[in-house]
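# Coordinate inspection notes
As a plain string of letters, each chain reads:
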Amino acid sequence: MTVVRRPCAGLARHRPWSVCRRCSGVALDMGSARTRAWVAGRGVVLDVPTVTFPGAGAVHPIQRGSIVDTEGTARMLDRLLGHRLPRFARPLVVVTAPVLDGFAYRTEARAAVEVLRPRSVLTVPSARAVALAVGADLSRPLLVVDIGAHLTEVVLLVDGAVFDARRTALGTGDIDDATPSSEIGDAVADMTTSMLRQDRTSLTVDALGRGPLLAGGGALRPEITCHLTGRLHVPLRAVPAPHTAAVRGAAKLLRAAHCHPSTTGTDPPGRYPY
């Protein structure tokens, strides 16, 4: 378990597409199991396995919240999105990123996204993207539990910024006879309890009282949500279409960014450097 407190090569293939080039944009949520993309003017156009094919077999360029093959990720993005963008467009790209080890992820993600010839790249913590997707009230402390295929994060948002975060390299893709689904629920409960114990304020208590937002593929597994509810003794709020919540939140941020022509690609300051 990891704890933190306080805060490429190659040209993309293109085809003509009759949309405003200045409004061209892509929201990306790249996980170890699935990659999802939202393209301005077209909605969610991709929900596919995160794989690349450099040779005879498939290779997974992203593993448990880390981009382990930047060039492979770039090839994947070129193959999936190059022909879906307007010719000669310089899209604005918004990429979701895990909170912990986020700096390394963002660095590699920016390098991979260069294959799309972006005019600007913005990053957003996945937990914040989930909150944006459902229009959550960010003026109050909010706990977001994101259970993915191979990574689970518990994140406390305060005023919309990451205040505390925990993660475990465990997800729905690990469930088998040796790793029952209850182990994921136990891990989330343990991380939340640790957060409560170390918080000298009432922020975590307040967020827990509101009911944690539950996102990711794990929110579609009733055995996980039932076990977790029993461990935390609070109601969970599963977001609509939880497996695509992060990319939909990134799309909201993308649309908002298009309303500000001064966007330069420099991420805003905050408790965490996103």
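Residues numbered from 1 in each chain as written. Predicted model: local features only at pLDDT ≥ 70, side-chain atom pairs only at ≥ 80, totals over all residues. Heavy atoms only, no water.

## So, the overall build of the protein
Put simply, the rule is: Helix and strand assignments come from DSSP, with helices taken as H or I runs of at least 4 residues and strands as E runs of at least 2, each series counted from the N terminus. Think of it in three bands: residues with accessible area under 20% of the maximum for their type are buried, residues over 50% are exposed, and the middle band is partly exposed, with areas taken using a 1.4 Å probe on protein chains only. The Shrake-Rupley method, run with a 1.4 Å probe sphere, supplies the accessible areas, and residue values consider only the shown protein chains as cover.
Check the secondary structure of the protein and you find 7 helices and 13 strands. Taken across its 274 residues, the protein has 52% of its residues classed as buried. For the protein, the exposed surface amounts to about 11,900 Å²; the carbon and sulfur share of it is 54%.

## Things to note about the nonpolar core
We count it as follows: Take the buried residues of types Ala, Val, Leu, Ile, Met, Phe, Trp, Tyr and Cys, join any two whose side-chain atoms come within 4.5 Å, and each joined set is a nonpolar core. Note on contacts: a residue pair qualifies if any of its non-hydrogen atoms lie within 4.5 Å across the two residues.
Formed by 24 residues in total, the largest nonpolar core has its most connected members in Leu28, Met30, Leu77, Leu81, Val95 and Tyr105. If you list the elements that add at least two residues to this core, you get β2 (25-30), β3 (34-39), α1 (70-81), β7 (92-97) and α2 (102-113). Looking at which element gives the most residues to this core, the answer is α1, with 5 residues. Beyond its immediate stretch of four places on either side in the chain, valine 95 contacts Leu28, Met30, Tyr105, Ala109, Val113, Val121, Leu122, Thr123 and Val124. Core analysis: the next-biggest nonpolar cluster, separate from the first, contains 22 residues, Ile147, Val158, Met195 and Ala219 among them.

## Re the side chain of serine 32
The condition is simple: For the purposes of these results, a polar contact is taken to be a pair of N or O atoms within 3.5 Å, where, inside protein, one atom must be able to donate a hydrogen and its partner to accept one; residues adjacent in sequence count only when each atom of the pair is a side-chain atom.
By the secondary structure assignment, serine 32 is in the loop between β2 and β3. There is a polar contact of 2.8 Å between the side chain of serine 32 and the side chain of histidine 150. If we skip the residues at most four places from it in the chain, serine 32 touches Thr50, His60, Ile62, Gln63, Arg64 and His150.

## Observations regarding the sheet that holds strand β4 (residues 43-49)
Rules: The pairing criterion for strands is at least two bridges between them, as found by DSSP. Here an angle of 0 to 180 degrees is reported between the N-to-C directions of two axes, which are lines fitted to C-alpha atoms, with helices fitted over the stretch in contact.
On the basis of which strands lie adjacent, the open sheet formed by 5 strands has the order β4-β3-β2-β7-β8 and mixed pairing. At either margin of the open sheet sits one strand with a lone partner, and together these are β4 and β8 (120-125). Neighbour-to-neighbour, the strand axes of the sheet open up by a mean angle of 20°, direction not taken into account. In the packing of α2 onto the sheet, contacts are made with β2, β7 and β8, and the angle to β7 comes to roughly 145°. Where helix α3 (residues 126-133) meets the sheet, it contacts β7 and β8, and its direction lies at approximately 85° from that of β8.

## A short note on unusual backbone geometry
In this model, aspartate 159 sits at a positive phi of 55°, which is unusual for a non-glycine residue. Relative to the assigned elements, aspartate 159 resides in the loop between β10 (152-158) and β11 (161-168). Not every positive phi belongs to a glycine, and histidine 233 is a case in point at roughly 60°. Summarising the element assignment, histidine 233 is placed in the loop between α6 (222-232) and β13 (237-238).

## Overview of the pattern of salt bridges
Let me state the cut-off plainly: Take a side-chain nitrogen of Lys or Arg and a carboxyl oxygen of Asp or Glu: if they are within 4 Å of each other, that pair is a salt bridge.
Applying the stated rule across the entire model yields 7 salt bridges. With a closest N to O distance of 3.3 Å, arginine 231 and aspartate 190 form a salt bridge. Note that arginine 231 is positioned in helix α6 and aspartate 190 in helix α4 (residues 181-198), a separation of 41 residues in sequence. The class for arginine 231 is partly exposed, based on a relative accessible area of 34%.

## Regarding the confidence of the model for the protein
Filter applied, for reference: Every residue is assigned a pLDDT by the predictor, reflecting its confidence on a scale from 0 to 100.
Of all residues in the protein, 86% have pLDDT values of 70 or greater, and the mean over the chain is 87. Overall, residues 6-19 carries pLDDT values under 50, and its contacts beyond four positions in sequence, including any with other chains, amount to 43 contacts. Contacts from residues 263-274, a stretch scored under 50 in pLDDT, to residues over four places away or in other chains number 35 contacts.

## Describing the packing of α4 against α6
Heads up, the rule is: Crossings are sorted by hand: turned counterclockwise from the far helix by less than a right angle, the near helix makes the crossing left-handed, and turned clockwise it makes it right-handed. For this scheme, ten residues count as nonpolar: Ala, Val, Leu, Ile, Met, Phe, Trp, Tyr, Cys and Pro. Four count as charged, namely Asp, Glu, Lys and Arg, and the remainder, Gly too, count as polar.
Packing of α4 against α6 leaves a shortest axis separation of 8 Å and a crossing angle of 35°. Crossing of α4 against α6: the hand is right-handed. From α4, Ser181, Ser182, Ile184, Gly185, Asp186, Val188, Ala189, Asp190 and Thr192 reach across to α6, where they touch Glu223, Ile224, His227, Leu228, Arg231 and Leu232. Here the contact of α4 with α6 is composed, by residue class, of 6 nonpolar, 5 polar and 4 charged.

## A closer look at the environment of threonine 172
Of note, threonine 172 is situated in the loop between β11 and α4. Along the primary structure threonine 172 and alanine 219 are separated by 47 residues, whereas in three dimensions their C-alpha atoms are 9.8 Å apart. When sequence neighbours within four positions are dropped, the list of residues in contact with threonine 172 reads Ile147, Gly148, Ala149, Ile184, Gly217, Gly218, Arg221 and Ile224.

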